[in-house]
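Coordinate analysis (summary)
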Amino acid sequence: MVCDHSYSFFSLCVLLQKVDLHRLEEGPPLTSTLTREEGLKYYRTMQTIRRMELKADQLYKQKIIRGFCHLYDGQEACAVGIEGGITLSDHLITAYRAHGYTLTRGGTVREIMAELTGRRGGIAKGKGGSMHMYTKNFYGGNGIVGAQVPLGAGVALACKYLGNDQLCVSLYGDGAANQGQIFETYNMSSLWKLPIIFICENNQYAMGTSVERSAASTEYYKRGDYIPGIRVDGMDVLCVREATKFAAAHCRSGKGPILMELQTYRYHGHSMSDPGVSYRTREEIQEVRSKSDPISMLKDRMLSNNMASIEELKEIDIAVRKEIEDAAQFATTDPEPPLDDLCSHIFANDQPFEVRGATPWTKLTSTS
């Protein structure tokens with residue numbers, strides 16, 4: 001541990017929780033080095049995701065956001081830790097709980113909030129909504145349970161075919177883990193030794209049923225059978241980061257796919273239509289918040305080791321709140337996309353062409 005009084009060259013060696021292994025002789029390291037710069041960056045990103053999701057909750061209850069809306073608060077360490085273990089030139093695809101990944105993959109709070117309210121300045125130009133957001137090397141946001149996993153294998157196949165030393169992270173939840181298409185994808189990926197990290201974000205309750213009631217085996221990291229697996233504390237951003245680095249090195253070395261299970265927890269219900277307390281107690285949620293909250297864990301780690309001051313973290317909190325409020329203001333005042341834009345962007349690069357509307361005499365034009 002090295003420190004000077006200005007904090008500027010501070011780094012901390014952190015002891016991590018033991019990782020469970022499947023078909024691996026060695027796993028990720030049990031220690032991790034956190035620099036002050038990394039700590040502040042992770043703290044700000046996780047706080048931004050948390051505040052953004054709480055604002056989305058508020059706007060949904062005001063009926064400004066409508067339709068499906070799945071919030072990510074509680075799981076912030078997964079998204080931030082994964083990004084810390086790969087690069088933005090790598091690829092990522094997830095299910096419909098996608099707001100956090102849209103941010104970590106390069107989207108802005110303003111674009112995400114405007115997409116949630118269906119406005120022209122949204123990241124998908126107001127036409128995707130909560131479940132369909134995209135950025136460079138980020139393929140959504142997919143609304144069909146488990147369907148993103150085989151798509152991720154296709155992205156990994158492209159990486160291998162092009163020989164660009166890139167990989168794909170394909171995420172799904174404990175509910176989707178029982179889907180047949182996921183096992184088909186395991187098989188194909190293993191046969192072709194694709195550079196893909198399968199990640200099960202096990203937040204314990206799928207759509208509202210506990211893992212013990214819905215899965216004969218809750219050891220999701222072993223579900224790949226012949227594919228190596230690791231189970232990690234998904235509430236600790238450093239545990240997730242080191243495991244992701246380990247998995248990425250495995251893929252880049254040509255060994256094929258690897259499976260990660262992140263044990264995490266969502267504070268909200270499955271979606272905004274689910275109050276989240278019919279299948280679990282409020283006391284359980286509060287206990288997780290008090291003992292395992294990913295933001296509090298990182299904050300306590302930094303403060304107890306003099307990596308940052310309380311005032312400094314409060315300044316970050318104030319700046320984040322302002323960013324969220326400004327984005328919400330934009331998301332409620334930006335105009336909705338005009339009807340003329342309805343059929344645009346079907347193809348990335350094409351000449352304009354005519355699209356039939358709801359009736360044979362309604363004609364719309366598609367532009368790229």
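Note that the coordinates shown come from a computational prediction; the quantities given were computed from them, not determined experimentally.

With that settled, consider the overall build of the chain. A tally of helices and strands in the chain yields eleven helices and ten strands. On the principal axes, the C-alpha backbone points of the chain span a range of 70 × 50 × 45 Å. Counting the 368 residues in the chain, one finds 53% classified as buried. Summarising the internal contacts of the chain: among those between residues at least 6 apart in sequence, 70% fall at separations of at least 24. Treating the 41 positive side-chain charges of the chain as one cloud and the 44 negative ones as another, the clouds have centres 3 Å apart.

This part takes up the sheet that holds strand β5 (residues 168-173). Strands in a sheet are paired, the pairing made by backbone hydrogen bonds, and the direction either parallel or antiparallel. Taking strand neighbours across the sheet as the criterion, the six strands line up as β2-β7-β8-β6-β5-β4 in an open arrangement whose pairing is mixed. The open sheet is flanked by β2 (20-22) and β4 (91-93), the only strands paired with a single partner. Averaged over all adjacent pairs, the angle separating strand axes in this sheet is 20°, with direction ignored. Bridge analysis of β4 against β5 gives three bridges, and the strand direction is parallel. Following the sheet pairing, His 91 is matched in β5 by Cys 168. Sheet strands touched by helix α6 (residues 180-192): β5, β6 (196-202) and β8 (258-263). Its angle to β6, the strand with the most contacts, is close to 155°. Sheet contacts for helix α8 (residues 237-252): β6, β7 (229-233) and β8; angle to β8, the most-contacted strand, approximately 170°.

Quick look at the pairing of β6 now. The element β6 is largely enclosed, with a buried count of seven among its seven residues. Neither face of β6 is open: one carries Ile 196, Phe 198, Cys 200 and Asn 202, the other Ile 197, Ile 199 and Glu 201, and all of them are buried. When β5 meets β6, the two strands line up parallel, connected through six bridges. Bridge pairing links Gly 173 to Glu 201 in β6. In the classification by handedness, the crossover that spans β5, the intervening α6 and the parallel β6 is right-handed.

The next point concerns a nonpolar patch on the surface. Taken together, the side chains of Leu 157, Met 188, Leu 191 and Trp 192 define a hydrophobic patch exposed on the protein surface, amounting to about 410 Å² of accessible area. Of the residues forming the nonpolar patch, the biggest block, three residues, is contributed by α6. Assignment of secondary structure puts Leu 191 in helix α6. Judged by relative accessible area, which is 63%, Leu 191 ranks as exposed.

Quick look at α6 now. One full turn of an α-helix is made of 3.6 residues, so residues set three or four places apart face in the same direction. End to end, α6 covers 19 Å across 13 residues, agreeing with the expected 18 Å (1.5 Å per residue, within 8%). Three or more residues of α6 are buried, namely Ile 182, Thr 185, Tyr 186 and Ser 189. Down the axis of α6, the smallest arc covering the buried residues is 105°, so these residues share one side. Residues of α6 that are exposed and point over 90 degrees away from its buried face: Glu 184 and Leu 191. Where the residues of α6 are buried, they touch α5 (148-162), β5, β6 and β8. A positive backbone phi angle near 50° is found at Lys 193, which sits one or two residues after α6.

Thresholds applied
- Residue positions are counted from 1 within each chain, in the order its sequence is given.
- Where totals are concerned, whole chains, interfaces and linings use all residues; where local detail is concerned, this predicted model gives features only for residues with pLDDT of at least 70, and gives and counts side-chain atom pairs only at 80 or more.
- Working from all heavy atoms in the structure, the side-chain values ignore hydrogens and water.
- Numbered from the N terminus, helices here are DSSP runs of H or I no shorter than four residues, and strands are runs of E no shorter than two.
- Accessible area is worked out with a 1.4 Å probe on protein chains only. A residue is then buried under 20% of its type maximum, exposed over 50%, and partly exposed in between.
- Should any heavy atoms of two residues lie within 4.5 Å, those residues are counted as being in contact.
- By the counting scheme adopted, Arg and Lys are positive, Glu and Asp are negative, and His together with the chain ends is not counted.
- Every charge is mapped to an atom, namely NZ of Lys, CZ of Arg, CG of Asp or CD of Glu.
- Whether two strands pair depends on DSSP finding at least two bridges between them.
- Fitted lines through C-alpha atoms serve as axes, helices being fitted only where they are in contact, and the angles separating the N-to-C directions of these axes extend from 0 to 180 degrees.
- Handedness of a crossover: with both strands directed away from the viewer, a clockwise path from the first strand across the helix to the second marks it as right-handed.
- Candidate patch residues must exceed 30% relative accessible area and have no salt bridge, after which like charges are joined if within 9 Å and Val, Leu, Ile, Met, Phe, Trp or Tyr side chains if within 5 Å.
- Here the open area of atoms and residues is found with the Shrake-Rupley method and a 1.4 Å probe, where only the protein chains shown may cover a residue.
- The salt bridge definition used is simple: a Lys or Arg side-chain nitrogen within 4 Å of an Asp or Glu carboxyl oxygen.
- Helix span is expected to be 1.5 Å times the residue number reduced by one.
- Picture the helix axis, draw a direction to every C-beta atom, and the arc is the one those directions span.

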